[in-house]
Amino acid sequence: MAKSTVSLLLLLMVVHGALVPASAQPCSLLGQPALPVLSAKGDINIGAIFSIHRSALLKMHPFTSKPEPTTCARLNLREFKFAQTFIFAIEEINNNTQLLPGVSLGYKIYDACNSIALAIDSGMALMNGYEKVLRDISCSRSPAVQAIVGESTSSTTIALATVVGPFNIPVISHFATCACLSNRKRYPSFFRTIPSDYYQSRALAQLVKHFGWTWVGTVRSRSDYGNNGIAAFEEAAKEEGVCIEYSEAVLRTDAQEQFLKTLEVIKKGTARVVVAFISFGDFAPLVKVIAEQNLTGLQWVGSESWITSRNLAESKQYSFLSGAVGFAVVNAKLLGLREFLVNVHPNQQPTNELLKEFWETAFQCSFRNTDSGGCTGLEKLSELQNEYTDVSELRIEHKAYTAAYAVAHTLHNVLKDFKSSTNNSKGELPTPKKVLQYMRDVSFTMNTGENIFFDASGDPVARYDLVNWQPAQDGSLQFKHVGVYDSSLPLEERLQVNQKLILWAGKNGQLPVSLCSESCPGTRKAVQKGRPVCCYDCIPCAEGEISNETDSSDCFPCDSEYWSNESKDRCVLKVVEFLSYTEIMGMVLCIFSFFGVLITAMVSFLFYLHKETPIVRANNSELSFLLLFSLTLCFLCSLTFIGRPTEWSCMLRHTAFGITFVLCISCVLGKTIVVLMAFRATLPGSNVMKWFGPLQQRLSVVSLTLIQVIICVLWLTISPPFPYMNLSYYREKIILECNLGSALGFWIVLGYTGLLSILCFVLAFFARKLPDNFNEAKFITFSMLIFCAVWITFIPAYVSSPGKYTVAVEIFAISVSSFGLLFCIFAPKCYIILLKPEKNTKKQMMGKASSTTL
């Protein structure tokens, strides 16, 4: 508190005798005593302070003469209504035989005129009384009142509680909401029946976040109410992830330029939501300027001070406030209050100037003017429709009503225990300290069913109604109840909103959007340098990463079997790739294999029909049929490579491939050896054919094939192939393939096949120029040349091909090498059988005519 304020306090305390010791001589008051504007005597008196006038005309005193009484201007019907509601409660209590039986309550109501100085002056007067002569017992007697109800604004209440607190006199406010008043060390005797702004600020932050508004502007009163309230709101908003674009402060006494400056800041702002934590008196001049400048389209969020103001809602020029939402003190009905209010009349206290001024303000007339505009006293308040007579919104009035009952119940408990003590003399009143002690523990139920008690900070349970301003038929605005906030519930259940009932600002009536940056689905946000955290750029997530939370700061990688979808907001199962029968490449390879089987079957059928002909019988027809059978198996084994790999298919495909090809090459190798042996047998004295007859040929085929079978059995026993999901080759898909199990086993199988092929090629190459008319060796040489060429090129292609193309390369190599063997060995024979039957004779086969060599 400033030094000037402290000096003022000391001066007022001297004037009212608070610092006069008990032993001092009686003295007379130099100035005028502060008198209540409304009063009634009782056994026990309760003080009350309201700002019945809007402003005090304060003057600078030169201290050279007696100061004149301070005059106040502009009667406030709302505050006068608070005072009358308080009187209504006192009279209701006096008529209640259950509460304070045999004790009447009196009241002394002072007018602070919205002035801190007058509030302090009124508080001093209520403590000391207003007698003109101070005696030696003036400071030792009980205070003039047992408790003080008031004041309506936080700043004046802070000053009042600061002065009264050391004297242990309870101060119960009905409308001072500043969270700072909950400080028990600074304000030990303060209580209130209205919730603290601590809860309202958090409720507003939670409300803003609930509607998705993360970019808002704020306007506050430049007072304790506004400064503390918006500070608590900003703290709570930060926890909720809401950012403040601007924060403006105004006061009702500011010049017009200050309001225009605030308006320009609001206009230039990009936030479409404005949180106005501002008192009604400070908000009224601001909205007037806004109406003059025709600023519309903003979504207003209000505090309890103005959100239920009839003066604003009923003025058609403030229609831009349509759609406003905010928290209001819970509404209540007070039976009999309207009848009491309309029965107020100046004739009840003819000497009371306040009642005359009220009458003149209500009816816009004057008792001093006897002409047509003069007051007659015959006017009827019951026929008047204004803020004073309206009892549909009794939110703050009910708190003043509750404050009176809180004092009454406290006194009831005190006197009940006080009278039960035999040590107390008759008529002695309890000390303020005792009253304060009992008020901390008071608990009672109002006739509305609400349970009233104070916590350790002197605060009640915070309950608010969420109201929405909606147009009425007459063009004014009405208050629609759209939700509640209850601090006694768990945190996640405190705010309850019925969003379907809300009418929003703007022409489209849709929920406004107020963001510094648009939301970032499937991206991560990067805060813009030098700006609040709500202003950011959206950075796309990398492939395989997602952001499934709106406005997430990080992207999160998907699990190994999942991949990000196109919008990068969800992980989906990776595409599992394998060579399928249903895709085009699989179908083509299947057709290719079946075509090979078909051709082989036709050749076999042709050979079977001509099995007795020399060209079929030549070079062991049995090996020819076995070779055709093995070629059929070669074509069919390629089909095991197509389709979803399973444990059995993986083991079958490689072993079947290895065994069938060795069987095939063994047959070709046997035919090649037969050609060589046959040539040797034609030499004089050669007996070689008896060592390589049909039996030996069969044994050679079986033996060579059996070696491959043993290799495959060992492979399958030690480390067989198995289905494997390859996650490393492609990041975005899974390659389902057959893992070789033992790579050594696979290469031994392939190497053994290759060794037989090379051996067969070498022998056939040496036999290609033998002088037979039909030398099969040269066709075997050419077929083996194709076979070896295919499988030599297969190795790099197999190693470098990705995914299903690895399988396709292997199938292609199997099919091409099989077709090479089929066409090179059997096509010439089929040509002779079908087109040159005259050459299919033994004479032609054994002819010594020269033949063309390779």
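Above this text is the structure in question.
To keep things clear, this report deals only with the structure shown in the data block. What you are looking at is a predicted structure, and each value in this text was computed from that prediction instead of being measured.

1. What about the overall build of the chain?
Broken down by element type, the chain carries 22 helices and 29 strands. In the chain, which comprises 854 residues, the proportion classed as buried is 51%. Long-range pairs, those at least 24 residues apart, make up 69% of the contacts in the chain with a sequence separation of at least 6. Of the roughly 40,300 Å² of accessible surface on the chain, 58% is carried by carbon and sulfur atoms.

2. So, the packing of aromatic side chains
Think of a pair of aromatic rings as described by two things: how far the centres are apart, and how the planes are tilted against each other in angle. Evaluated as defined, the whole model comprises 33 aromatic pairs. Here Arg184 stacks its cationic end above the ring of Phe191, 4.9 Å away from the centre of that ring. A cation sits over an aromatic face here: Lys733 above Tyr730, 4.4 Å from the ring centre.

3. Quick notes on the environment of Asn76
Considering the arrangement of structural elements, one finds Asn76 in the loop between strand 5 (71-75) and helix 2 (77-94). Between the C-alpha atom of Asn76 and that of Tyr388, which follows or precedes it by 312 residues, the distance is 9.5 Å. If we skip the residues at most four places from it in the chain, Asn76 touches Ser51, Ile52, His53 and Arg54.

4. A word on the nonpolar core
Side chains that are nonpolar tend, in soluble globular proteins, to be buried together. Among the nonpolar cores identified, the biggest contains 66 residues, and Phe80, Phe86, Leu105, Ile109, Phe358 and Leu381 are the most heavily contacted of them. Contributing elements (two or more residues each) for this core: strand 3 (44-50), helix 2, strand 6 (105-111), helix 10 (337-342), helix 11 (353-363), helix 12 (395-419) and helix 13 (432-440). Non-local contacts of Ile109, meaning those with residues more than four positions away in its chain, are made with Pro36, Val37, Leu38, Ala48, Phe50, Ile52, Ala83, Phe86 and Ile87. By size, the runner-up hydrophobic cluster in this structure holds 64 residues, among which are Cys590, Phe661, Cys712 and Ile811.

5. As for the layout of surface pockets
When its volume is computed, the second largest pocket comes out at roughly 930 Å³. Forming the walls of the second largest pocket are 35 residues, and the residues nearest its centre are Asn114, Thr153, Arg252, Gly281 and Asp282. Put simply, the parts of the chain that give the lining of the second largest pocket at least two residues each are strand 4 (53-57), helix 2, helix 4 (154-164) and helix 8 (280-293). Per element, the largest residue contribution to the lining of the second largest pocket is five residues, and it comes from helix 8. When grouped by side-chain class, the residues that make up the lining of the second largest pocket number 10 nonpolar, 17 polar and eight charged.

6. Overview of a nonpolar patch on the surface
Taken together, the side chains of Leu706, Ile710, Leu714 and Ile718 make up a nonpolar region of the molecular surface, amounting to roughly 420 Å² of accessible area. Along the chain, the position of Leu714 falls in helix 18 (residues 694-718). Of the residues examined, Leu714 reaches a relative accessible area of 48% and is grouped as partly exposed.

7. Concerning the state of the cysteines
According to the stated counting rule, one finds eight disulfides in the structure shown. Two residues share a disulfide in this structure: Cys516 and Cys535, whose sulfurs sit 1.9 Å from each other. In this structure, the disulfide formed by Cys516 and Cys535 twists by about 105° around the S-S bond and is classed as right-handed. With Cys516 in the loop between strand 20 (495-497) and strand 21 (523-527) and Cys535 in the loop between strand 21 and strand 22 (536-540), this pair connects stretches of sequence that are 19 residues apart. Across this residue pair, the class does not change: Cys516 and Cys535 are buried. There is a disulfide in this structure between Cys650 and Cys738, and the S-S distance comes to 1.9 Å. Here Cys650 and Cys738 share a disulfide; its torsion about the S-S bond, -80°, makes the bridge left-handed. On the criterion of sequence distance, the pair formed by Cys650 in helix 17 (residues 647-681) and Cys738 in strand 29 (residues 733-739) is long-range, its members being 88 residues apart. There is no split in this pair, since Cys650 and Cys738 are both buried.

8. Things to note about the packing of helix 3 (residues 116-128) against helix 4
Relative orientation of the contacting elements helix 3 and helix 4 amounts to 35°, with a least axis distance of 9 Å. When the axes of helix 3 and helix 4 are compared, the crossing they make is right-handed. Side by side, helix 3 and helix 4 meet where Ile116, Ala119, Ile120, Gly123, Met124 and Met127 of the first sit next to Ser155, Thr156, Ala159, Leu160, Val163 and Val164 of the second. Residue classes in the contact of helix 3 with helix 4 are distributed as nine nonpolar, three polar and no charged.

9. Details of the sheet that holds strand 14 (residues 299-302)
Pairing is mixed across the open sheet formed by eight strands, whose spatial order is 12-11-13-14-15-18-19-20. Bordering the open sheet on either side are strand 12 (243-250) and strand 20, each of which pairs with just one other strand. Here the strands of the sheet are splayed against their neighbours by 30° on average, with no regard to which way each runs. Pairing geometry for strand 18 (residues 463-471) and strand 19 (residues 477-486), over nine bridges, is antiparallel. Each residue of the ladder has a partner; that of Pro471, found in strand 19, is Leu477. Helix 6 (residues 224-240) contacts strand 11 (215-221), strand 12 and strand 13 (273-277) of the sheet and is inclined by roughly 160° relative to strand 11.

10. Some details on helix 3
For helix 3, spanning 13 residues, the distance from its first C-alpha to its last is 18 Å, which sits close to the expected 18 Å at 1.5 Å a residue. When we look at burial in helix 3, the residues that qualify are Leu118, Ala119, Ile120, Asp121, Ser122, Gly123, Met124, Ala125, Leu126, Met127 and Asn128. For helix 3, the side-chain oxygen to backbone nitrogen distance between the N-cap and Ala117 is 3.4 Å, and the N-cap itself is Ser115.

11. Looking at the pattern of salt bridges
Under the defined criterion, the tally for this structure stands at 15 salt bridges. Between Glu397 and Lys81 there is a salt bridge, with the nearest N and O atoms lying 3.8 Å from each other. Here the residue Glu397 occupies a position in helix 12, and Lys81 occupies one in helix 2, the gap between them amounting to 316 residues. This pair shows no difference in class: Glu397 is buried, exactly as Lys81 is. Between Glu393 and Arg395 there is a salt bridge, with its nearest N and O atoms 2.6 Å apart. Owing to a relative accessible area of 14%, Glu393 belongs among the buried residues under this scheme. Using a relative accessible area of 7% as the deciding quantity, one classes Arg395 as buried. Each of Glu393, Arg395 and Asp465 takes part in salt bridges that share partners, so that together they form one network.

So, how was this worked out
- Think of each chain on its own: its residues are numbered from 1, step by step along the sequence as written.
- Only residues with pLDDT of at least 70 get local features here, since the model is predicted, and only at 80 or more are side-chain atom pairs given and counted; chain-wide, interface and lining totals rely on the full set of residues.
- Excluding hydrogens and water, the side-chain figures rest on all heavy atoms present in the structure.
- A run of H or I in DSSP becomes a helix once it reaches four residues, and a run of E becomes a strand once it reaches two; helices and strands are each numbered from the N terminus.
- Exposed residues in this analysis have more than 50% of their type's maximum accessible area, buried residues have under 20%, and partly exposed residues fall in between, with area computed by a 1.4 Å probe over protein chains only.
- Residue contacts are defined here by distance: any two heavy atoms, one from each residue, within 4.5 Å place the two residues in contact.
- For every accessible area listed, the method is Shrake-Rupley and the probe measures 1.4 Å; residues are considered covered only by the protein chains on display.
- In this analysis, rings of Phe, Tyr and Trp, with Trp reduced to its six-membered ring, are considered paired at centre separations within 6.5 Å, and the interplanar angle assigns stacked below 30 degrees, edge-to-face beyond 60, and tilted for intermediate values.
- In our convention, an over-ring charge means Lys NZ or Arg CZ found within 6 Å of a ring centre and within 35 degrees of that ring's normal.
- Here, nonpolar core means buried Ala, Val, Leu, Ile, Met, Phe, Trp, Tyr and Cys residues that are tied together by side-chain atoms lying within 4.5 Å of each other.
- Of the grid points, spaced at 1 Å and generated over the protein atoms alone, those admitting a 1.4 Å probe that cannot get out make up cavities, while open sets with protein on both sides within 12 Å along at least five of seven lines make up pockets; any residue with an atom within 4 Å of a point is treated as lining.
- Grid points are joined across faces, edges and corners, and a volume is the space filled by probe spheres set on the points.
- Throughout, the ten residues Ala, Val, Leu, Ile, Met, Phe, Trp, Tyr, Cys and Pro are labelled nonpolar, Asp, Glu, Lys and Arg are labelled charged, and all others, Gly among them, are labelled polar.
- Patches were defined on residues exceeding 30% relative accessible area and lacking a salt bridge, with like-charge contacts within 9 Å and nonpolar side-chain contacts (Val, Leu, Ile, Met, Phe, Trp, Tyr) within 5 Å.
- Every case where a carboxyl oxygen of Asp or Glu lies within 4 Å of a side-chain nitrogen of Lys or Arg is listed as a salt bridge.
- When two cysteine sulfur atoms lie within 2.5 Å, the pair is treated as a disulfide.
- Axis definition: a line fitted to C-alpha atoms, limited for helices to the stretch in contact. Angles are taken between N-to-C directions and run from 0 to 180 degrees.
- The hand of a helix crossing depends on one turn: near helix anticlockwise from the far one by less than a right angle means left-handed, and clockwise means right-handed.
- Two strands make a pair as long as DSSP finds a minimum of two bridges between them.
- How far a helix is expected to stretch is found by multiplying one less than its residue total by 1.5 Å.
- Whenever a nitrogen or oxygen atom comes within 3.5 Å of another N or O atom, the pair is scored as a polar contact, on the condition that within protein one atom can donate a hydrogen and the other can accept it, and that pairs from neighbouring residues in sequence are kept only if both atoms are in side chains.

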